[in-house]
Amino acid sequence: GQQLNQSPQSMFIQEGEDVSMNCTSSSIFNTWLWYKQDPGEGPVLLIALYKAGELTSNGRLTAQFGITRKDSFLNISASIPSDVGIYFCAGQNRSAGKSTFGDGTTLTVKP
Amino acid sequence: DARVTQTPRHKVTEMGQEVTMRCQPILGHNTVFWYRQTMMQGLELLAYFRNRAPLDDSGMPKDRFSAEMPDATLATLKIQPSEPRDSAVYFCASGSPGPYEQYFGPGTRLTVT
């Protein structure tokens, strides 16, 4: 089946720093989604990408759908303590109807 | 503010007991997903439904797990008999056709002793 490689697995950064994480796949997806999970809660959708090359922002978050359709990137600018959590990427082929999730990137922000 | 709801939020039970978890998808959403999350396995898809029909339950141990949608407002995940290795957080998510985005509930934290 389709596999997603999400990296890095964890990040420890200082408040105010920028963050980058990415997902790569062995096969093509036509939708990429980025979620954030706070402790004790379910994942919350941050950004959805539907076209190769698409660059979409949501506040301090920016995500890109790779040109090859096999990767996606998420950047967080000027991190703050509430950015702490686990970030998941998910790839989806619309015909399949289900998403394949990466293993997550755990972000820790030191004040 | 439309949300996916799940009950119970926490469940502690003894090995061998039956466990039933319930999910109310967002009104108007026609796809429902059940996931299991553990430290070791991340988010693991167990089953999903579209228009109440099961489309894929290949991720679910068939001998003890069952998933149903009695109606459009209720999805259930049942484990019988439960085992300690079933301890995990179980998430339900719903989605609508078109955007293909999934909206997650708060999860049910299951502990089997």
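Everything discussed here concerns the structure shown above.
A few points on the structure. Bear in mind the structure is a predicted one, so any value in this text is a computation, not a measurement.

1. Details of the packing of aromatic side chains
Residue and element names in this part refer to chain B. Tallied over the full model, the rule gives 10 aromatic pairs over all chains. Ring geometry for Phe33 against Tyr35: centres 6.3 Å apart, planes inclined by 25 degrees, an arrangement best described as stacked. By relative accessible area, which is 1% here, Phe33 ends up buried. Judged by centre distance (5.1 Å) and plane angle (10 degrees), the rings of Phe33 and Tyr48 are stacked. Here Tyr48 lies in strand β5 (residues 42-50) and Phe33 lies in strand β4 (residues 31-38), a separation of 15 residues in the sequence.

2. A short note on the sheet that holds strand β3 (residues 19-24) of chain B
Residues and elements named next belong to chain B. Pairing within the open sheet is antiparallel, and its 4 strands lie in the order β1-β3-β8-β7. Both outer strands of the open sheet, β1 (5-7) and β7 (65-71), are each paired with one neighbouring strand and no more. Strand-to-strand twist across the sheet, computed as the mean angle between neighbouring axes with direction ignored, equals 20 degrees. In this sheet, strand β8 (residues 74-79) lies alongside β7 in antiparallel orientation, the contact comprising 5 bridges. Pairing of Ser66 across the sheet is with Lys78, part of β8.

3. Structural notes on the state of the cysteines
All names here are of chain B. Throughout the structure, instances matching the rule amount to 2 disulfides over all chains. Linked covalently through their sulfurs, Cys23 and Cys92 form a disulfide whose S-S length is 1.9 Å. Judged by the sign of its S-S torsion, about -55 degrees, the bond between Cys23 and Cys92 is left-handed. Of this pair, Cys23 sits in strand β3 while Cys92 is found in strand β9 (residues 88-95), placing the two residues 69 residues apart along the sequence. The same class applies to Cys23 and to Cys92, which are both buried.

4. Side note on the nonpolar core
Counting residues in each nonpolar core, the largest one holds 22 residues, and the members touching the most others are Met21(B), Trp34(B), Met60(B), Ala67(B), Leu77(B), Ile79(B) and Tyr90(B). Only β3, β4, β5, β7, β8, β9 and β11 (108-112) of chain B provide two or more residues apiece to this core. Beyond its immediate chain neighbours, meaning those up to four positions away, Met21(B) contacts Thr7(B), Trp34(B), Ala75(B), Thr76(B), Leu77(B), Ile79(B), Tyr90(B) and Thr108(B). Listed in part, the 21 residues of the second largest apolar core include Ile13(A), Ile47(A), Ala63(A) and Ile76(A).

5. Regarding the pattern of salt bridges
Residue and element names in this part refer to chain B. Within this structure, the stated rule accounts for 8 salt bridges over all chains. Salt-bridge contacts for Arg64 lead to Glu83; the nearest nitrogen and oxygen are separated by 3.5 Å. Of this pair, Arg64 sits in the loop between β6 (53-56) and β7 while Glu83 sits in the loop between β8 and β9, and the two are 19 residues apart along the sequence. Between Glu83 and Arg85 there is a salt bridge; the shortest N-O distance is 2.5 Å. The exposure class assigned to Glu83 is partly exposed, which follows from its relative accessible area of 24%. Bridged by salt links that share partners, the residues Arg64, Glu83, Arg85 and Asp86 form one connected network.

6. A word on the interface of chain A and chain B
The partner chain B presents 18 residues to the 18 residues of chain A that form the contact. Per-residue buried area on chain A facing chain B is highest for Pro43(A), Lys98(A) and Phe101(A); these three make up 29% of the total on that side. Our count for the contact surface shared by chain A and chain B stands at 1 salt bridge. Across the salt bridge formed by Asp56(B) and Lys98(A), the nearest N and O atoms sit 2.5 Å from each other. If you look at where chain A meets chain B, you find 6 residue pairs in polar contact (both at pLDDT 80 or more). With 3 residues, the single largest contributor to the side of chain A that touches chain B is strand β4 (residues 31-37) of chain A.

Thresholds, definitions, all that
- Residues numbered from 1 in each chain as written.
- Chains lettered and ligands numbered in written order.
- Predicted model: local features only at pLDDT ≥ 70, side-chain atom pairs only at ≥ 80, totals over all residues.
- Heavy atoms only, no water.
- Phe/Tyr/Trp six-rings, centres within 6.5 Å; stacked < 30°, edge-to-face > 60°.
- Buried < 20%, exposed > 50% of the residue type's maximum accessible area, 1.4 Å probe, protein only.
- Helix = DSSP H or I, 4+ residues; strand = E, 2+ residues; numbered from the N terminus.
- Pairing = 2+ DSSP bridges.
- Axes fitted to C-alpha atoms, helices over the stretch in contact; angles between N-to-C directions.
- Disulfide = S-S within 2.5 Å.
- Core = buried A, V, L, I, M, F, W, Y, C linked by side-chain atoms within 4.5 Å.
- Contact = heavy atoms within 4.5 Å.
- Salt bridge = Lys/Arg side-chain N within 4 Å of Asp/Glu carboxyl O.
- Buried area = accessible area lost by both parts, 1.4 Å probe.
- Polar contact = N/O pair within 3.5 Å; in protein donor to acceptor, adjacent residues only side chain to side chain.

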